[in-house]
Each structure stands twice: as structure tokens, then as C-alpha cells.
Amino acid sequence: MPASAATRKKIESLREEIRYHDYRYHTLDDIEIPDAEYDRLVRELKQLEEEFPELVTTDSPTQRVGAEPSETLATVEHRLPMLSLDNAFAEEELREFHARVAEKLEFEDGAPDLLYSAEPKLDGAAVSLLYENGSLVRAATRGDGTTGEDITHNVRTIESVPLRLMGDNFPETLEVRGEVFMPRAGFEAYNEKAREAGEKTFVNPRNAAAGSLRQLDAKLTAERPLDMYVYSVGLTEGATLPDRHSEIIVVLRSWGLKTCPESRVVKGVEGCLEYYDALGEKRDSLDYDIDGVVYKVDSIAMQRELGFVSRAPRWAIAHKFPAQEELTTVEDVEFQVGRTGALTPVARLTPVFVGGVTVSNATLHNIDELHRKDVRVGDTVIVRRAGDVIPEVVSVIKKRRPRETKKVELPELCPICGSHVKREDGEAVARCSGGLFCRAQRTEALKHFVSRRALDIEGLGAKLIEQLVAEDRLADPSDLFRLTTTELSQRERMGDKSADNLVRSIEQSKSTTLPRFLFALGIREVGEATAAGLASYFGSLPAIVNSSEKDLTKVPDVGPIVAKRVRNFFDEQHNLDVINKLQGLGVHWADTEPMEIAEDGPLTGRTFVITGTLPSMTRDEAKDLIQREGGKVTGSVSGKTDYLLAGEKAGSKLAKAQSLNVTVLSEADLLSLIAS
Ligand code: IVH
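Residues numbered from 1 in each chain as written. Predicted model: local features only at pLDDT ≥ 70, side-chain atom pairs only at ≥ 80, totals over all residues. Heavy atoms only, no water.

Side note on the packing of helix α12 (residues 439-450) against helix α13 (residues 462-470)
To characterise two packed helices, one gives the angle between the axes of the helices and the distance between these axes.
Right, on to step 1. One can describe the packing of α12 onto α13 by two numbers: an axis separation of 10 Å at closest approach and a directional angle of 145°. Note on packing geometry: the crossing formed by α12 with α13 is right-handed. Listed contacts from α13 to Arg439, Thr443, Leu446, Lys447 and Val450 of α12 are Ala462, Ile465, Glu466, Val469 and Ala470.
Right, on to step 2. Broken down by class, the residue content of the contact of α12 with α13 amounts to six nonpolar, one polar and three charged. (Axes fitted to C-alpha atoms, helices over the stretch in contact; angles between N-to-C directions. Helix = DSSP H or I, 4+ residues; strand = E, 2+ residues; numbered from the N terminus. Left-handed = near helix turned anticlockwise from the far one by under 90°. Contact = heavy atoms within 4.5 Å. Nonpolar A, V, L, I, M, F, W, Y, C, P; charged D, E, K, R; others polar.)

Below you can see the structure in the form of C-alpha cells.
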């Protein structure tokens, strides 16, 4: 059946609406409707497009990832060349640039009030977007400035790039240019995942962006977290644009294109320098890499008058920031031990100025990564420091490798406490098995031990713990219970009163619960929920300590990995010693009856999710009940969920369950299900 006019209209209005919300979300970062509502719109559009495939258009929001991967990238001739920029590395060079501009424009006073658009120099890949009648028809790399490559299929997957422009006053032909980049957070997350999987990491966000854009299969690009800011206009036909660069940017934004929020109009060299300093201060906290500031004469008429020299405009210049990547040599590699005992190889470097600070240490992440990069003592390496991220060794310059280098291997024993270093199959990270016995792990372990959801010792701050560990006053958590008012009140900035309060809250913390105590021990993967599960299943600490890995997996929500972690922890004599000492000093709790889990209960094999406020029991009580009767309780609704137990004020989980046709139960329904 051909689509009716009403259907056509509906499809177009859904597209309009989705485009508008895409723009709010990806471009303005200011959402108007909840995700669920957005998903509903997309679902509705997809359904209609499936029903009427003849109505699918390439600029529909459902069509970001196209069909088949291509064999090679086609070449594209830029009708207007994509230019490069001259660089200024020092203030002096910027002043010279401005003087040339003022002279060429025949200002007699040095043009102190000349307006520039100042904007970040984004460190990604330059891309040209071509819109015909508002639809994105082509995207191309800069290439050599004259010919680039056709990357339309990939750019279409970048959600902040509109497939269709908004409004109706855009030129018939509009070419815009800008920078595609991978935000730092996405880059870090991507590399972290690759590292865990033992795969190759990206060297930096710029390479990540450029590499992603040149993929032949757009499906791969779609998985990369890319973004784009546009910063200039190329070819236009069929409309006149404003006569100031800064106003053109505003117009581009009104058509739905994303522009950099940091751009400003500034006055003269002094304004440029102020902007440069302010942006430099902000550089580390931005979510994307920048390598300088671009100043552009704001008046388009003046730009025209200034013209070009060879490949660069006379009206713009890039004022560079200190590089985020530099060369230096590896003097040594040591292993640092972190909170969870993870051993991180750290390169000791010949100090080098990079990313605005002097760096003498850089992380190598883990031993596999170190071996993959083949970093040896004596090597010349590239270090990268960008944002607040810890400096890292990016790669080795093999050509500069001296004849004598030292390879680095994982130590067998912890460099801090001498316990065995263990590495589980398939894990990239090696860890010290010393637990609380290991001094390096102690500070963090103690902070966790005293935290609110663990033993809840009020008034024992991170600073004090750090000091006490450094003074060797806290060998393990049991020493907390040996601290005296006299000793504490003699410390700097600790009066009698606060010393007294602290000792009192330490005393109070002795009376605790088994779940809190288990959580406080800081066993890897044992969070609050798992601790509570272990406590209610086994009822007492000895029962847990003496259980096998197999027994442990019988606890609802405990899988083989968690079971192994728990077993490993109690297999270390140091840990048992600490527990004994704690109990000897009066730390106590009430045991409970071990939980009887019905092997063949009414709920065996059923998976539940609980949401909202139930009339007569807490969610924890409901969870216990379900588990006792053989059921499983998980946190989020999925295709595997059998029932949603919903009380009052149930929110998104209820909506999700309904959309997946999951049976929704009230508390009364649950009780009768158990009784039946
Ligand atoms: S304007 C003629 N603005 O820098 C104007 N370029 O060295 C040339 N870039 O290939 C482009 N941020 O990749 C301009 N805000 C910005 C920029 C920027 C980064 C890059 C761009 C270009 C290179 C020129």
C-alpha cells in the first residue's frame, strides 16, 4: 500500500523533531526531553521507514551508518583549497604578525582596536562538509589542501554533524570546514578498553580521530567517540553571508552546526594575548586537545584585502602552546603499587618540559603495554601530557635506540612488601597479593576501612591517615584501635577536644555489622551489595573464611571471579592475622542464621528486578525473600528479566519493563507467587 499523505507528513515531522533533539543533545548539550521519549520517537520513525522503505531518505536521522564498507577512499578535489596557517611561538612573533596586518591595511596608529576572532586551535583532523540544499552530500579530508579523500560514510556517523541543516535561509551550496576530534574522555576510555583487551592503543586523540575517519567500514567509525567543531566557510552559492567571521559562526550555529564555545572577539594584540593566557589556564580542563590559539581578522572585507601568501592567509595566525608531546630518555623503570595492589610500571625520565610542566615520570600502564611498546631503559621515547591525565610514554623512537639497553620484566615479589605478585589469566594487570600487609596499599585501604559505609569512623580524615601511615603508626587497621587521646592531642592542629571525639568514634565503630566489616576489608570486587549477600548467605565470618570457591558461587550474585577474589583474600595469612587482631581489640557484630536457599523453590530460575517503594517491606527484605525462595535479583531490566517487582514511585525501570513486556508484580503478587 502506498503511503498516505498523512504518513508522509508524520515521517517528516518525526524527522524534524528528532533532528531538533539531536541538535539540543549533541550540539547545545542541553536536552529538553528524557532519553526514553527520544527513543520512542526514533522507534516510531524506524517502524514507519520499515513499513514504507520507499520513503527512506539519506538525510533521515536513522541513516547515519550506511550499508557496505568501501574498498578504497575516493579522492576529492577541493574547489577552494584548504589552507594552512602560519605559526607564532612567541609573543614577539604575534606582535610582528599584527604589525604586518596593520601596515597592509594602512592603519596609521598600529590598529590597537582591530578586532580579531580568537579561537582554540583544535588538535584533530581538518574536514570539509558540503551541503546541497541543506543535505550533507560529501565530507572530505584536507589531504594536501588541493585533493583530499572522500570520508562521507564516516562523517555521517558523527552525531554532532547534522545530516540536514536546520532552518531555511542557508545557501543552496554551502561548504563548511572544521575539525573532527576525539574528546579526551572518549580517547582515554577507548584506550583503557584496548589495554584491558590486550589490543593496540591510539597514540593520541589526533591520530585516533584521523585514523577513525579513514576507516573503510563506517560501522567501525560509528563506535569511535568523535565530535566536530566547524570554524570556517569554504564555497558558498546562492546566499550572502554576514561580513564578520564571528557573525558567520553564529549563523552556522543557527543552522545546527556545532561550533567551539570558547571562541571570542578580542581587541588588538593585547586582547589576543589576554585570550591566549586565559585559554592556556583553561587548557587542561577542556575535554579536547588544543595546540594553540588561532587569531583571525574578524572583518571579512579586511580578510579579502589582506589576501594570501602561498598557502596561508595573511589575516590569520596560529599562536602555539607548549607541546603536549616531547622526546626524552628513559633512565629507569620502576613498579608502583596502587590501592588495589595493581603494579604499574613507571618510567623515570630525564626531565622534560611538556604540556606546560616539567615531567620526570610517566606511566606505562601495565606490563603488557610496556612490552607491546617495547620500552627499554636507555630508550628515547615520546612522552605525552595532556589535560589532567597522568603523563604517559606514547612510543619508542627505535632509530635512536642505543646499543646497550635494558629490558624490563615484571618482578616476582612486590617491591614494597615482598609478597608474591600475582597475575590472573587474561588480566593485563599484575597485583601484589599482600593486601593490607602491603604498606603501599595500606593508606588507601585504611581510608576505605574508616569510610562512612564501612566502619564509619568520623573525624579520621585522609590527611591524618596519610600522616599516620608515613610515621609508621598504622601498620594495619587494628592499630587504629590502639590510638590514644594523649597521643592524638599532641599532634599539630589537633586539640584535646577533637582527639577525644576521634577516640570516641573509633570506640563506637567497634560495634558493627558483618556486612560493614566485610565491606571494610576492601576485598576486590566485594562492594556493599556483595558483602551483604555473603553475610546473609553464610551468617558468620568463619563460615565465609572456610568456604570453597564453589560454595561461594552459591551466593546470589557471586560469580566465579568474585568467589576467587574472596578465596584469595582469606588465603593470605596476613589478612587473617589482621582480622584476628581486630576481633581481639573488640570489633564485633551479631551473627545471623545462614540463609537456606530453596534448591527447588517456587522462584528457582527466575530473575527479578525491584523498583519503587513497597508497602510492607524494604527492597533489601524483598531481595532476601526472593533469594531464599530460589530467585535471582539483578539491578537493571533486560531481556533476561522475568519479573519486575514494582512499588510506588517506580520510574524508568517500570517503563523499560513495560516496553520489554516483562511481567510487573506488586508485593501482594509476589507473596501469592511464593505461596502457590
Ligand atoms: S582556520 C585559513 N581555525 O589548523 C584558515 N584552523 O594549520 C585555516 N585548525 O588545517 C583554517 N583549529 O586543521 C582554523 N580554529 C581553527 C582551527 C584550525 C585547528 C587546524 C586546521 C588547519 C590547520 C591549519
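A word on the site of the ligand
Right, on to step 1. By nearness alone, 14 residues border the ligand, and Glu119, Leu122, Glu179, Tyr231 and Lys296 come closest of all.
Right, on to step 2. Contacts to the ligand include Leu85, whose backbone N or O atom sits 3.3 Å from an oxygen atom.
Right, on to step 3. Take Leu122: an N or O atom from its main chain is 3.0 Å from a nitrogen atom of the ligand.
Right, on to step 4. The fraction of the free accessible surface of the ligand (520 Å²) that becomes covered by protein chains is 88%.
Right, on to step 5. Placement of the ligand is best described as lying within the largest pocket.
Right, on to step 6. Elements represented by at least two residues in the shell around the ligand include exactly β3 (115-122) and β10 (290-297).
Right, on to step 7. The leading source of residues in the shell around the ligand is β3, at four residues. (Near = heavy atom within 4 Å. Polar contact = N/O pair within 3.5 Å; in protein donor to acceptor, adjacent residues only side chain to side chain. Areas by Shrake-Rupley, 256 points an atom, 1.4 Å probe, with all protein chains shown as cover. 1 Å grid on protein atoms, 1.4 Å probe; cavity = no way out; pocket = protein on both sides within 12 Å on 5 of 7 lines; lining within 4 Å. Sits in = over half its atoms within 2 Å of the grid points.)

Some details on the packing of aromatic side chains
Right, on to step 1. Scanning the model with the defined rule gives twelve aromatic pairs in all.
Right, on to step 2. Measuring from centroid to centroid gives 5.1 Å for Phe608 and Tyr643, while their planes differ by 35°, and the two rings are tilted. With Phe608 in strand β21 (residues 607-611) and Tyr643 in strand β23 (residues 643-646), this pair connects stretches of sequence that are 35 residues apart.
Right, on to step 3. Judged by relative accessible area, Phe608 falls into the buried class, the value being 0%.
Right, on to step 4. Connected via pairs of aromatic rings, a cluster forms that spans Phe181, Tyr229 and Tyr288. (Phe/Tyr/Trp six-rings, centres within 6.5 Å; stacked < 30°, edge-to-face > 60°. Buried < 20%, exposed > 50% of the residue type's maximum accessible area, 1.4 Å probe, protein only.)

Some details on the nonpolar core
Right, on to step 1. Leu480, Leu518, Leu534, Leu541 and Phe570 are the most contacted members of the largest nonpolar core, which totals 49 residues.
Right, on to step 2. Among the elements of the structure, α12, α13, α15 (496-509), α16 (514-520), α17 (528-538), α18 (541-545), α20 (560-571) and α21 (573-584) are those that each provide at least two residues to this core. (Core = buried A, V, L, I, M, F, W, Y, C linked by side-chain atoms within 4.5 Å.)

Description of the sheet that holds strand β2 (residues 87-88)
Right, on to step 1. Taken in spatial order, the five strands of this open sheet run β2-β13-β10-β3-β9, and their pairing is mixed. A strand with exactly one partner marks an edge of an open sheet, and here the two such strands are β2 and β9 (264-267).
Right, on to step 2. Across seven bridges, the pairing between β3 and β10 is antiparallel. Bridge assignment links Tyr116 to a residue of β10, and that residue is Val297.
Right, on to step 3. Lying on the sheet, helix α3 (residues 91-104) is in contact with β2, β3, β10 and β13 (316-320); it crosses β13 at an angle near 170°. (Pairing = 2+ DSSP bridges.)

Considering the side chain of Thr173
Right, on to step 1. Counting through the fold element by element, Thr173 comes out in strand β7 (residues 173-181).
Right, on to step 2. Within the structure, Thr173 has its side chain in polar contact with the side chain of Glu132 (distance 3.0 Å).
Right, on to step 3. With near-sequence residues (within four places) excluded, Thr173 lies in contact with Leu130, Tyr131, Glu132, Leu235, Thr236 and Glu237.

Remarks on empty space enclosed by the protein
One water molecule sets the probe size; rolling that probe over the atoms shows where empty space is left.
Right, on to step 1. For the structure on display, the rule yields two cavities of 30 Å³ or more.
Right, on to step 2. Each pocket or cavity is described by its volume, and for the largest cavity that value is around 140 Å³.
Right, on to step 3. Around the largest cavity, the lining comprises 16 residues; the ones closest to its centre are Arg19, Asp22, Tyr23, Arg64 and Pro162.
Right, on to step 4. A volume near 80 Å³ is recorded for the second largest cavity. (Points joined across faces, edges and corners; volume = space filled by probe spheres on them.)

Re a negative patch on the surface
Right, on to step 1. Judged by side-chain charge, Glu106, Glu108, Asp109, Asp113 and Glu305 come together as a negatively charged surface patch.
Right, on to step 2. By secondary structure assignment, the location of Asp109 is in the loop between α3 and β3. (Patch = residues over 30% accessible without salt bridge, like charges linked within 9 Å, V, L, I, M, F, W, Y side chains within 5 Å. Salt bridge = Lys/Arg side-chain N within 4 Å of Asp/Glu carboxyl O. Lys, Arg positive; Asp, Glu negative; His and termini not counted. Charge placed at Lys NZ, Arg CZ, Asp CG, Glu CD.)

Some remarks on unusual backbone geometry
Right, on to step 1. Unusually for a residue other than glycine, Glu525 sits at a positive phi of about 70°.
Right, on to step 2. By the element assignment, Glu525 lies in the loop between α16 and α17.
Right, on to step 3. Owing to a relative accessible area of 46%, Glu525 belongs among the partly exposed residues under this scheme.
Right, on to step 4. In the Ramachandran plot, Asn661 falls in the positive-phi region, its phi being about 60° despite a non-glycine side chain.
Right, on to step 5. Considering the arrangement of structural elements, one finds Asn661 in the loop between α23 (652-659) and β24 (663-665).

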